[in-house]
Amino acid sequence: MQISIRNVKKHFEGTQALNDVSIDVPDGELVALLGPSGCGKTTLLRIIAGLETPDSGEVLFGETDSTSLAVRDRGVGFVFQHYALFKHMTVRENIGFSLKIQKRPKEEVQQRVDELLNLIQLNGIGNRFPSQLSGGQKQRVALARALAARPHVMLLDEPFGALDAQVRQDLRRWLRNLHDELKMTSVFVTHDQDEAFEVADRVVIMNKGRVEQIGSPEEIFHHPANGFVMHFLGNVNIFHSRLEHGQGSPDLDLVHPGHAPADSGATAVYVRPHELTLYRTRESANAIEGRIAHIRTIGLSVRVSLATAAGPEIQVEVPKEEFQALGLSKGDTAYAVAKGVKVFTDDYTI
Ligand code: ATP
C-alpha cells in the first residue's frame with residue numbers, strides 16, 4: 001500500500017507543526033521520520049493514522065484520498081513508545097483484543113494469537129500479564145497486537161525509545177526482518193540517527209515542520225542536501241566563514257576551488273573527522289596547525305583533538321596504524337589537511 005502525503009499543513013495555537021509537507025512512501029518500504037524534537041514527526045504520523053486532521057493537503061492510501069477517512073477504516077496498526085498494553089489482560093488477551101472487538105469467531109482469534117505469538121517468539125508466555133514481562137517483550141507484544149487485524153500499514157512512534165541499548169539493537173533487526181517477512185508499508189518516528197540509518201530503506205529528515213531531505217541512508221550520509229542535514233548528522237567539524245564571489249575569506253583556505261558555491265555571503269564549511277589527514281610537518285599551504293589536546297583509540301581508529309590558535313578544537317580520525325607511524329603524542333604540534341569538504345550557505349538554525 002503506497003502512502004502519499006501531499007502539501008500537508010497543520011498548526012496548533014501559535015505553532016506551525018507541519019508546513020507544506022509532501023512525501024511518498026512506496027509500497028513495501030520502511031521509512032523513518034528523523035529530526036530534532038518538535039520538528040513535526042509525531043504530528044505527521046498521527047495525520048497518516050487519522051488521529052489528527054490536517055488544515056490543508058491530502059493523505060492518499062494507494063489511489064484513495066483518505067484524508068477524512070476514520071481511523072478504524074484506514075487499515076493501519078500503531079505502536080507507541082510506551083507499550084500501552086492493557087495491564088489487566090494477559091499477553092494472549094492483549095494480542096487478540098482488536099479481533100475480539102470485531103466479534104470474530106473464537107477459534108479464529110485463538111489461531112491468529114498463536115500465529116502472532118510464534119512470530120514474536122514468545123510462545124511460552126501467552127498467559128502472563130504485562131507486569132511479568134521485560135520492556136523488550138512488552139514492545140514485541142504491542143507489535144503483535146497492532147498486527148492482529150492484518151494492517152496494510154504499520155506506524156511506529158519511537159517504538160524502542162524506552163529500552164536499553166542492547167535490547168534496542170536486537171529489536172531493530174527483528175523489526176526489519178518482520179517488515180520484510182510481512183511485506184508491509186511502515187513509517188516510524190525516531191530521533192535516533194543510528195536507528196533510522198540501520199533500519200530504514202529511506203529516511204526523511206525534518207526540521208521545523210518542513211522536509212529538509214528524503215533519501216536512502218547512503219544518499220543522506222554522502223550527499224547531505226544542506227547545512228542543516230550536515231549539522232544534524234553530527235560528528236563533523238564546522239568552520240564558519242564568508243564567501244566573496246566563490247572565494248573563502250583568507251583565514252579559511254580550506255575551501256577548495258570547485259566546492260564553493262558562486263554566491264557571496266555567510267558560509268559554513270563542513271569536514272568530517274575521517275576526511276582530515278594528520279601530518280607531523282606542514283606539507284601543504286592549506287594545513288591547519290594545532291596542538292594535540294586529546295588522543296583516544298576507538299577500535300581500529302584513533303580520534304585526535306587538535307587545539308588551534310584561531311578557533312575551537314578540531315577532531316581528526318585516522319587509522320590506528322597510520323597514527324602510530326606518525327609517532328605523535330599529546331602536546332605535540334600537528335597539521336591536519338582536508339581530503340573532502342562540503343560547503344553550504346550558513347542560513348539555518350537547529
Ligand atoms: P518529539 O521528537 O519531541 O516527539 P516531534 O518531532 O514528534 O517531537 P511533534 O510532536 O509533531 O514533534 O510537535 C510539533 C510541534 O507542534 C511542536 O512545537 C509541538 O509543541 C506542537 N504540538 C504538537 N501537538 C500539539 C498539540 N496537541 N497542541 C499544541 N501544540 C502541539
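Residues numbered from 1 in each chain as written. Predicted model: local features only at pLDDT ≥ 70, side-chain atom pairs only at ≥ 80, totals over all residues. Heavy atoms only, no water.

Novice: Quick question: what am I supposed to make of the side chain of E275 here?
Specialist: In this fold, E275 is placed in the loop between β13 (265-271) and β14 (276-279). K342 is the oppositely charged side chain nearest to the buried, salt-bridge-free E275, at an N-O distance of 4.6 Å. Not counting the four nearest positions on each side in its chain, E275 is found in contact with V337, A338, K339 and G340. (Helix = DSSP H or I, 4+ residues; strand = E, 2+ residues; numbered from the N terminus. Buried < 20%, exposed > 50% of the residue type's maximum accessible area, 1.4 Å probe, protein only. Lys, Arg positive; Asp, Glu negative; His and termini not counted. Salt bridge = Lys/Arg side-chain N within 4 Å of Asp/Glu carboxyl O. Contact = heavy atoms within 4.5 Å.)

Novice: Could you clarify how one ought to interpret the nonpolar core in this entry?
Specialist: Soluble globular proteins tend to pack their nonpolar side chains together in the buried interior. In terms of nonpolar packing, the biggest core is built from 45 residues, with I95, V141, L143, L147, M154, V203 and I205 touching the most fellow members. Contacts of L143, omitting those with residues within four sequence positions, involve V79, M154, L156, W174, L175 and L178. L45, V76, V153 and V187 belong to the second-largest nonpolar core, a separate cluster that totals 24 residues. (Core = buried A, V, L, I, M, F, W, Y, C linked by side-chain atoms within 4.5 Å.)

Novice: Whenever I open this one, the domain arrangement of the chain confuses me. Can you help?
Specialist: Interface size is often expressed as the accessible area that is lost when the parts come together. Annotation of the chain at the domain level lists domain 1 (3-229) and domain 2 (237-344). Centre-to-centre, using C-alpha coordinates, domain 1 lies 40 Å away from domain 2. Across the contact, six residues belong to domain 1 and four residues belong to domain 2. Counting each side, the surface lost to burial between domain 1 and domain 2 is near 450 Å², with a carbon and sulfur contribution of 59%. Per-residue buried area on domain 1 facing domain 2 is highest for F221, P224 and G227; these three make up 77% of the total on that side. If you look at where domain 1 meets domain 2, you find zero salt bridges. Looking at the side of domain 1 that touches domain 2, its residues break down into three nonpolar, three polar and no charged. (Domains from an automatic or database assignment. Buried area = accessible area lost by both parts, 1.4 Å probe. Nonpolar A, V, L, I, M, F, W, Y, C, P; charged D, E, K, R; others polar.)

Novice: Hey, could you run me through the pattern of salt bridges in this one?
Specialist: A pair can form between side chains of opposite charge whenever their charged atoms are brought close. Applying the stated criterion to the full structure yields 17 salt bridges. Salt-bridge contacts for E195 lead to R168; the nearest nitrogen and oxygen are separated by 3.1 Å. In this pair, E195 is assigned in helix α6 (residues 193-199) and R168 in helix α5 (residues 165-182), connecting sequence segments 27 residues apart. No difference in accessibility class separates E195 from R168, as the two residues are buried. One salt bridge in this structure joins R172 and E198, with 3.1 Å as the shortest N-O distance. Of this pair, R172 sits in helix α5 while E198 sits in helix α6; the two residues are 26 residues apart in sequence, bridging distant segments of the chain. Among the charged side chains, a network of salt bridges with common partners joins R168, R172, R173, D192, E195 and E198.

Novice: What exactly am I supposed to notice about the layout of surface pockets here?
Specialist: With a probe scaled to a water molecule rolled over the atoms, the places where space remains empty come into view. Of the volumes computed, that of the largest pocket is approximately 630 Å³. Taken together, 23 residues make up the lining of the largest pocket; nearest its centre are V76, G77, F78, S98 and R145. Elements that contribute at least two residues to the lining of the largest pocket include exactly β6 (76-79), α2 (91-101) and α4 (135-147). Counting residues per element, the lining of the largest pocket draws most heavily on β6, at four residues. (1 Å grid on protein atoms, 1.4 Å probe; cavity = no way out; pocket = protein on both sides within 12 Å on 5 of 7 lines; lining within 4 Å. Points joined across faces, edges and corners; volume = space filled by probe spheres on them.)

Novice: Explain the packing of α4 against α5 to me, please; I cannot follow it from the model alone.
Specialist: Relative placement of two packed helices is described by the angle separating their axes and the distance separating the axes. At a closest axis distance of 11 Å, the pairing of α4 and α5 adopts a crossing angle of 20°. If you check the angle between α4 and α5, you find them roughly parallel. In the crossing of α4 with α5, the sense of the turn from one axis to the other is right-handed. Residue-level inspection shows G136, Q139, R140, L143 and L147 of α4 in contact with α5, the latter providing V167, L171, W174, L175, L178 and L182. When the residues that make up the contact of α4 with α5 are grouped by side-chain class, the tally is eight nonpolar, two polar and one charged. (Axes fitted to C-alpha atoms, helices over the stretch in contact; angles between N-to-C directions. Parallel < 35°, antiparallel > 145°, perpendicular 65-115°, else oblique. Left-handed = near helix turned anticlockwise from the far one by under 90°.)

Novice: Looking at this model, I keep getting lost on the packing of α2 against α4. Mind explaining?
Specialist: For the pair α2 and α4, interaxial distance at closest approach is 7 Å and the crossing angle is 30°. As judged from the angle between their axes, α2 and α4 are roughly parallel. Every pair of crossing elements has a handedness; the one defined by α2 and α4 is right-handed. Only V141, A144 and R145 of α4 make contact with α2, whose side of the interface consists of V91, N94, I95 and S98. In the contact of α2 with α4, the residues fall into four nonpolar, two polar and one charged.

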